[in-house]
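Fold and contact review
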Amino acid sequence: MNPEDIVSAEWQQFQQVNNEGGRANCQGNWPMFHTMRLSQFLTWPNDLRESYARDLSSGRNLLMEKYAWMMASTEPDYFHHELEPYLLHISDERRAEQERIIAQQVEWARDFHARYPHLGANMRVLTTQQDTRESTSFETYLRGELCTYSDETVQLYAAFVRSLADSGMNLTERILLETVRLSGYDTLEQAESYLSM
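Residues numbered from 1 in each chain as written. Predicted model: local features only at pLDDT ≥ 70, side-chain atom pairs only at ≥ 80, totals over all residues. Heavy atoms only, no water.

1. A closer look at the overall build of the chain
What counts, and what does not: A run of H or I in DSSP counts as a helix once it spans at least four residues, and a run of E counts as a strand once it spans at least two, with each numbered from the N terminus. Computation of the radius of gyration draws on C-alpha atoms, with the globule rule given as 2.2 Å multiplied by the number of residues to the power 0.38. Categorising residues by exposure relies on relative accessible area from a 1.4 Å probe, with only protein chains included: less than 20% of the type maximum marks a residue as buried, more than 50% marks it as exposed, and the intermediate range marks it as partly exposed. Residues count as neighbours in contact if any of their non-hydrogen atoms are within 4.5 Å of one another. Throughout, the Shrake-Rupley method with a 1.4 Å probe supplies accessible areas, and for residues the shown protein chains are the sole cover considered.
Within the chain, the secondary structure is distributed over 11 helices and zero strands. Order of helices (α) and strands (β) in the chain, N terminus to C terminus: α-α-α-α-α-α-α-α-α-α-α. For 197 residues, the compact-globule estimate of 2.2 N^0.38 gives 16 Å, and the C-alpha radius of gyration of the chain, at 17 Å, lies within 12% of that figure. Projected onto the principal axes, the alpha-carbon positions of the chain cover approximately 45 × 35 × 35 Å. Here the chain holds 197 residues, and 45% of them are scored as buried. Contacts in the chain between residues at least 24 apart in sequence constitute 67% of all its contacts with a sequence separation of at least 6. Element-wise, carbon and sulfur atoms account for 51% of the exposed surface of the chain, whose accessible area totals about 10,500 Å².

2. Quick notes on the nonpolar core
How we decide: In these notes, a set of buried Ala, Val, Leu, Ile, Met, Phe, Trp, Tyr and Cys residues joined through side-chain atoms within 4.5 Å is what counts as a nonpolar core.
With 40 residues, the main nonpolar core has Trp44, Tyr52 and Tyr157 as its most contacted residues. Ignoring anything within four residues of it in the chain, the contact list for Tyr52 reads Ile6, Glu10, Arg37, Phe41, Trp44, Leu62, Tyr149 and Thr153. Counting eight residues, the second-largest nonpolar core is a separate cluster that includes Ala68, Trp69, Met71 and Cys147.

3. Re a nonpolar patch on the surface
To be explicit about the condition: Patch definition: residues above 30% relative accessible area lacking any salt bridge, with like charges linked at up to 9 Å and the nonpolar side chains Val, Leu, Ile, Met, Phe, Trp and Tyr linked at up to 5 Å. Whenever a carboxyl oxygen of Asp or Glu lies within 4 Å of a side-chain nitrogen of Lys or Arg, that contact is scored as a salt bridge.
Together, Tyr194, Leu195 and Met197 give the surface a local cluster of nonpolar side chains, amounting to about 370 Å² of exposed area. Positionally, Leu195 belongs in helix α11 (residues 188-196). Judged by relative accessible area, which is 35%, Leu195 ranks as partly exposed.

4. Here we look at the pattern of salt bridges
Applying the stated criterion across every chain yields a total of 12 salt bridges. A salt bridge links Arg54 to Glu152; the shortest N-O distance between them is 3.0 Å. Of this pair, Arg54 sits in helix α3 (residues 46-56) while Glu152 sits in helix α9 (residues 151-166), placing them 98 residues apart in sequence. Here Glu152 falls in the partly exposed class, since its relative accessible area comes to 41%. For the salt bridge of Glu99 with Arg143, the shortest nitrogen-to-oxygen distance reads 2.8 Å. Here Glu99 is found in helix α6 (residues 92-115), whereas its partner Arg143 is found in helix α8 (residues 138-148), with 44 residues between them in sequence. Here Glu99 falls in the partly exposed class, since its relative accessible area comes to 35%. Note on Arg143: relative accessible area 22%, which makes it partly exposed. One salt-bridge network, held together by shared partners, links Glu10, Arg37, Lys66 and Glu145.

5. Quick look at α6
This is how the line gets drawn: Expected span of a helix: the number of residues minus one, times 1.5 Å.
Over its 24 residues, α6 runs 35 Å from end to end, which matches the ideal 34 Å to within 8%, given 1.5 Å per residue. Taken together, the buried positions of α6 are occupied by Arg94, Glu97, Gln98, Ile101, Ile102, Gln104, Gln105, Val106, Trp108, Ala109 and Phe112. Of the surrounding secondary structure, the elements contacted by the buried residues of α6 are α7 (117-120), α8, α9, α10 (171-182) and α11.

6. Points about the environment of Gln16
Along the polypeptide, Gln16 turns up in the loop between α1 (3-14) and α2 (30-41). As a C-alpha pair, Gln16 and Met64 span 48 residues in sequence and 7.6 Å in three-dimensional space. The contact partners of Gln16, leaving out residues within four places of it in the chain, are Asn61 and Met64.

7. Re the packing of aromatic side chains
We count it as follows: Any Phe, Tyr or Trp ring, taking Trp's six-membered ring, that has another such ring centre within 6.5 Å forms a pair; planes under 30 degrees apart are called stacked, those over 60 apart edge-to-face, and the others tilted.
One pass over the structure, following the stated rule, counts 17 aromatic pairs. Look at Trp44 and Tyr157: their rings are 5.7 Å apart centre to centre, the planes differ by 70°, and that puts the pair in the edge-to-face class. With Trp44 in the loop between α2 and α3 and Tyr157 in helix α9, this residue pair connects regions lying 113 residues apart in the sequence. For the pair Trp44 and Tyr157, one class covers both residues: buried. Where Tyr157 meets Phe160, the ring centres are 6.2 Å apart and the plane angle is 70°; that geometry is what we call edge-to-face. In this pair, Tyr157 and Phe160 are both assigned in helix α9, three residues apart and thus about one turn of the helix distant. For Tyr157, a relative accessible area of 3% puts it in the buried group. A network of ring pairs unites the aromatic residues Phe41, Trp44, Tyr52, Tyr149, Tyr157 and Phe160 as a single cluster.

By themselves, these observations are geometric and do not establish any function.
Below you can see the structure in the form of structure tokens.
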């Protein structure tokens, strides 16, 4: 499965997302969306990309659902009354699996921030407790995204995360390496050095 096709499918869904106060600025920024999303999918194994591509073609708008799930943290009353009744039910077992994934990825992101502080400063704040209405954390964003995946995709994603952890690899580092390469740098160190000037 070509990662570019996944990014294009997501972009089409993103254009249909309705925000309070009209379209968000990021909905018109294809270059940034392309870089951020492609960086993620370039790190995924093909079976995971194929499963997620099937999710995207299911007839649901996964991008709309992701932003709805994120509001469970940023606007909980609105979420529970206006959005949650229309979202798919997530079982307790699956929630537990998602939280294991999230804990690992937050740990990786924290480690990355410590080693690459200038690159880290350009990322989202890390944890849900840092959420505001204007700023959504990496943890909350990831939780929202995982809630949109099919059970099959979650299981494949969990296996992917476990395999990286067992091999001593850091997914945040792998994604950011793809990001800086797409932005014209050869290495994370090169990008970090440029940002420190």
